[in-house]
Amino acid sequence: MTTLRPFTCDDMFRFNFVNLDPLTETYGLTFYLQYMAHWPEYFQLTEAPGGEIMGYIMGKAEGHGNNWHGHVTALSVAPDYRRLGLAAKLMSGLEEISEKKQAYFVDLFVRVSNTVAINMYKNLGYIIYRTVLEYYSGSPDEDAYDMRKSLSRDVDKLSVVPLTHPVRPEDIE
């Protein structure tokens, strides 16, 4: 049986194989520790019966006023455990936490080339809110979609009215 539980410091030594996907952003140790310290409820993982980490989600709550929202910083599932609904389970958990925090929406950034992830997010109710030019560095830099899903506090769904023009990373609030 798959277990959903909080990410712990010990997990830092056991989750590298989940990050081997070239589409998964990896960060320095202090970045992960900062998330565990500030937003522990948003840092969850799924674990197989044998103790293997199957996937994880890392996020936070941010913004002010009607821009108060949950943000998905990273979501990754190990290749052997994909297409089992784990990403949807992790996303649902983050959305529930954001609802409890009375967020207006949940957002995330995804590479425009990552069509598998984009389609999964669309199936989970997310829309493409805007394009962020050259968000991901590389050779060449790659644009991102800022995808959003409104939550129950956003009664009029104002947070998911798509922008008609792209923005640059420095223009993101």
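Naming follows an unreviewed UniProt entry, where the protein appears as N-alpha-acetyltransferase 20 of Daphnia atkinsoni. Heading Subunit (unreviewed entry) of the UniProt record for the protein holds this comment: "Component of the N-terminal acetyltransferase B (NatB) complex which is composed of NAA20 and NAA25." Here the protein is described in UniProt, under the heading Sequence similarities (unreviewed entry), as follows: "Belongs to the acetyltransferase family. ARD1 subfamily."

> It is not clear to me how the environment of E41 should be interpreted in this structure. Could you clarify?
Among the structural elements, E41 can be located in the loop between α1 (29-38) and β2 (43-47). Between the alpha carbons of E41 and N19 there is a distance of 21 Å; along the sequence they are 22 residues apart. Leaving out residues up to four positions away in the same chain, E41 has contacts with I97 and K101. Among the polar contacts listed, one links the side chain of E41 to the side chain of K101, at a separation of 3.0 Å.

> Hey, could you run me through the packing of aromatic side chains in this one?
Aromatic ring pairs are reported here in terms of the distance separating the ring centres and the angle at which the planes meet. By the definition in use, this model includes 14 aromatic pairs. When the centroid spacing of 5.3 Å and the interplanar angle of 80 degrees are considered together, the rings of F15 and Y56 count as edge-to-face. Taken together, the positions of F15 in the loop between β1 (3-6) and α1 and Y56 in strand β3 (residues 53-62) put the pair 41 residues apart, joining distant regions of the chain. Neither F15 nor Y56 differs from the other in exposure class; each is buried. Between Y27 and F31, the aromatic rings sit 4.3 Å apart at their centres with planes inclined by 25 degrees, giving stacked as the arrangement. Exposure remark for Y27: the relative accessible area of 27% places this residue in the partly exposed category.

> Help me understand the nonpolar core, please; the structure alone is not making it clear to me.
Across soluble globular proteins, you tend to see nonpolar side chains buried next to one another. One finds Y56 and Y121 to be the most contacted residues of the largest nonpolar core, which totals 40 residues. Listing elements by their share of this core, those giving two or more residues are α1, β2, β3, β4 (69-77), α2 (86-100), β5 (105-111) and α3 (115-123). Counting five residues, the second largest nonpolar core, distinct from the first, contains F109, Y136, A144 and V167.

> It is not clear to me how unusual backbone geometry should be interpreted in this structure. Could you clarify?
Most peptide bonds take the trans configuration, and most residues that are not glycine carry a negative phi. Residues S139 and P140 are joined by a peptide bond in cis, for which omega reads 0 degrees. Counting through the fold element by element, P140 comes out in the loop between β6 (127-136) and β7 (142-150). The phi dihedral of R83 falls on the positive side, at around 65 degrees, and the residue is not glycine. When you line up the elements, R83 lands in the loop between β4 and α2. Of note, K157 is a non-glycine position whose phi angle comes to about 60 degrees, a positive value.

How each quantity is defined
Residues numbered from 1 in each chain as written. Predicted model: local features only at pLDDT ≥ 70, side-chain atom pairs only at ≥ 80, totals over all residues. Heavy atoms only, no water. UniProt positions renumbered as here; feature names shortened; annotations may be inferred. Helix = DSSP H or I, 4+ residues; strand = E, 2+ residues; numbered from the N terminus. Contact = heavy atoms within 4.5 Å. Polar contact = N/O pair within 3.5 Å; in protein donor to acceptor, adjacent residues only side chain to side chain. Phe/Tyr/Trp six-rings, centres within 6.5 Å; stacked < 30°, edge-to-face > 60°. Buried < 20%, exposed > 50% of the residue type's maximum accessible area, 1.4 Å probe, protein only. Core = buried A, V, L, I, M, F, W, Y, C linked by side-chain atoms within 4.5 Å.

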